[in-house]
Amino acid sequence: MIRNKPFVLNKCVRPKVAFFKLTSCEGCQLQVFNRESGVLKFLNQMEIVDFREAITGTSSCYDVAFIEGSVNNEEQKMKLIEIRHRADTVVALGSCACFGGINQLVASCEKGISEADKGKISPSPKTPKALDEIIQVDVHIYGCPVKKKELESIFPRILSGKPVIHNKYPVCRECKQNHNICLLDLGEPCLGSVTRGGCDAWCTGSGMGCWGCRGPIPKVTQRQLERLSQRKGIDFDSLAERMSCFGGFSNLLCQQTEDLYKSCQL
Amino acid sequence: MSAINCNIDIKHLSRVEGHGNLKIRIKDAIVKEARWEVVETARFFEKMLAGKKFNNLPFISSRICGICSISHNLTAIRAIENCFGFTPSVQTQRLRLLLKHMETLQSHILHIFFLAAPDYFGEDSFLPFSVSHPDVTNMALRLKMLANDLADEVGGRRLHPTTPVVGGFSKIPGKKNLGKFKYRLQSSLLDLIKSSTLLKKFEIPQFSRETEYVASIPRIPTLL
């Protein structure tokens, strides 16, 4: 759901934009500066008022807030709630903000961290959370890292208050369009068939199977993927390991455990 | 003379790669404490990686940092190759080194021109700086583009690279494309000379302190 108001688009009034980072690698913020040929034109569409990595000043008055990273502790949670109150539009930038990203992997191995470490290093190392588990997020921009081209195409839509519609087709389609050989046929685990497209088959184009960093396409089921991996002779465990990495497929994996549970009961 | 007591607390220093707070305590005009606090949240990568398939590790560990993701990726690959006692081919070693150099160039250009330089020209950030010094900005963007494009060509992606895998590369760059980059690298020499002359003009305040420099000596002479 989009609840942002359209901004007046003229040269005098530019929307005030703030970039924030919670727990992440800063890679998505770095992507904002990439695609050098048009970077100044892109950045001049907005008035950046808070961007710790790039500018000195800070501000508590902004229209659009881009937030990178997952929520790992109480302090970040409070900060996030504050940002929600101040901003008209909150944009989750990248997989960490959208699904918890690579950070949520720690949830599955929390047992390995000693109590002493938990207290010493971080105030409360609970399961890192995605932004929409805490606040309402208006726009999601998927990917680890985000694709700058997509960011550039989404940004005008945010400004004009139009809804951002994400692709319903999988990465597979883009991969085929780019005339790549199917990696599953080459024995490489790949989640391209179930992952939301829009990255222009970034990883698969260079021979690396898809990791599902952009999350699943609608109506995809665990069983479909299992059948596919069986047919192509790919070990399902390696697909599951990749699915667990960026957090986008967590619901799908929960479904699997439920299914297993049911089959055990029967 | 009246005694000067003050506390300086800067939360989240801006325009640095990474996270840090600065804390300074001054009592009777003497600096009692100056602390640099790294406040990055712990993410427990060591624990995350345990139990994962070895060929998945480099892709995960590159997420430690977006700016130096290539290093994190390549070091993880090297660690795994060392475990297996595997020595990559000379071609692989050279391509990895090329990729690593491009990351260094990316990071240095980012730091010097986009984060630090505006200070030396009395500007607040690189956006006003790009208006007052378009020639320097364009030069910096050209160099950054070269580093990023070559990293894309060799590593598949400028950050969180996709082609380096344990044992070599999943896709190697085309000879024709690398030839174009050779030309671009040679013609960037002029920009690099201009940059170094510009950097020489920066007035860096005198600051020195007793420092113990430590470095590790590589066992294998050919790195990466």
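Note that this is a predicted model, so its numbers are computed, not measured. (Residues numbered from 1 in each chain as written. Chains lettered and ligands numbered in written order. Predicted model: local features only at pLDDT ≥ 70, side-chain atom pairs only at ≥ 80, totals over all residues. Heavy atoms only, no water.)

## Overview of the overall build of chain A
- For chain A, the helix and strand inventory stands at ten helices and five strands.
- Here chain A holds 266 residues, and 57% of them are scored as buried.
- Contacts in chain A between residues at least 24 apart in sequence constitute 74% of all its contacts with a sequence separation of at least 6.
- Approximately 12,000 Å² of chain A is accessible, and the part contributed by carbon and sulfur atoms is 54%. (Helix = DSSP H or I, 4+ residues; strand = E, 2+ residues; numbered from the N terminus. Buried < 20%, exposed > 50% of the residue type's maximum accessible area, 1.4 Å probe, protein only. Contact = heavy atoms within 4.5 Å. Areas by Shrake-Rupley, 256 points an atom, 1.4 Å probe, with all protein chains shown as cover.)

## Observations concerning the domain arrangement of chain A
All names here are of chain A.
- Each assigned domain of chain A is listed with its residue range as follows: domain 1 (16–160) and domain 2 (171–262).
- On the domain 2 side, the residues contacting the 14 residues of domain 1 number twelve residues.
- For the pair domain 1 and domain 2, the summed buried surface comes to about 1,100 Å²; carbon and sulfur atoms form 60% of the total.
- Summed over the three residues of domain 1 that lose the most area to domain 2, namely F99, Y142 and K147, the buried surface amounts to 45% of that side.
- For the interface between domain 1 and domain 2, the tally reads one salt bridge.
- Among the salt bridges present, the one from E150 reaches R214, with a minimum N-O distance of 2.9 Å.
- Between domain 1 and domain 2 we count seven residue pairs in polar contact (both at pLDDT 80 or more) in total.
- Residues of the side of domain 1 that touches domain 2, tallied by class, amount to seven nonpolar, five polar and two charged. (Domains from an automatic or database assignment. Buried area = accessible area lost by both parts, 1.4 Å probe. Salt bridge = Lys/Arg side-chain N within 4 Å of Asp/Glu carboxyl O. Polar contact = N/O pair within 3.5 Å; in protein donor to acceptor, adjacent residues only side chain to side chain. Nonpolar A, V, L, I, M, F, W, Y, C, P; charged D, E, K, R; others polar.)

## Section: the nonpolar core
- The biggest cluster of nonpolar side chains holds 46 residues, and the ones touching the most others in it are A:L43, A:F66 and A:I141.
- Here A:L43 is in contact with A:V32, A:F33, A:I48, B:F126 and B:L127, once residues within four sequence places are set aside.
- One finds A:C199, A:A201, A:W202 and A:L252 within the second-largest nonpolar core, a separate group that totals 23 residues. (Core = buried A, V, L, I, M, F, W, Y, C linked by side-chain atoms within 4.5 Å.)

## Focus: the interface of chain B and chain A
- Each partner contributes to the interface: chain B provides 49 residues, whereas chain A provides 53 residues.
- Of the roughly 4,500 Å² buried between chain B and chain A, counting both surfaces, carbon and sulfur atoms make up 63%.
- Seen at the junction of chain B and chain A, the total is two salt bridges.
- A:E36 is the salt-bridge partner of B:K144, the closest N and O atoms lying 3.3 Å from each other.
- For the pair chain B and chain A, the interface holds 16 residue pairs in polar contact (both at pLDDT 80 or more).

## Points about the sheet that holds strand β1 (residues 6–10) of chain B
Residue and element names in this part refer to chain B.
- Ordered by their spatial adjacency, three strands build an open sheet running β1-β2-β3, and the pairing between neighbours is antiparallel. A strand with exactly one partner marks an edge of an open sheet, and here the two such strands are β1 and β3 (30–37). Pairs of neighbouring strands in the sheet enclose a mean axial angle of 5°, with direction left out of account.
- As defined by bridge partners, strand β2 (residues 21–27) adjoins β3 across seven bridges and the pair is classed as antiparallel. The residue bridging I26 from the neighbouring strand is V31, located in β3. (Pairing = 2+ DSSP bridges. Axes fitted to C-alpha atoms, helices over the stretch in contact; angles between N-to-C directions.)

## Here we look at a nonpolar patch on the surface
- Together, B:F54, B:F84 and B:F86 make up a nonpolar patch on the protein surface, roughly 320 Å² of accessible area in all.
- Along the chain, B:F86 turns up in the loop between α3 (69–84) and α4 (90–120). (Patch = residues over 30% accessible without salt bridge, like charges linked within 9 Å, V, L, I, M, F, W, Y side chains within 5 Å.)

## Focus: unusual backbone geometry
- Geometrically, the link from A:C144 to A:P145 is a cis peptide bond, its omega value of -5° lying close to zero.
- Tracing the backbone shows A:P145 in the loop between β5 (139–141) and α6 (148–160).
- Look at B:D28: it is not a glycine, yet its phi comes out positive at around 50°.
- Locating B:D28 in the fold gives a position in the loop between β2 and β3.

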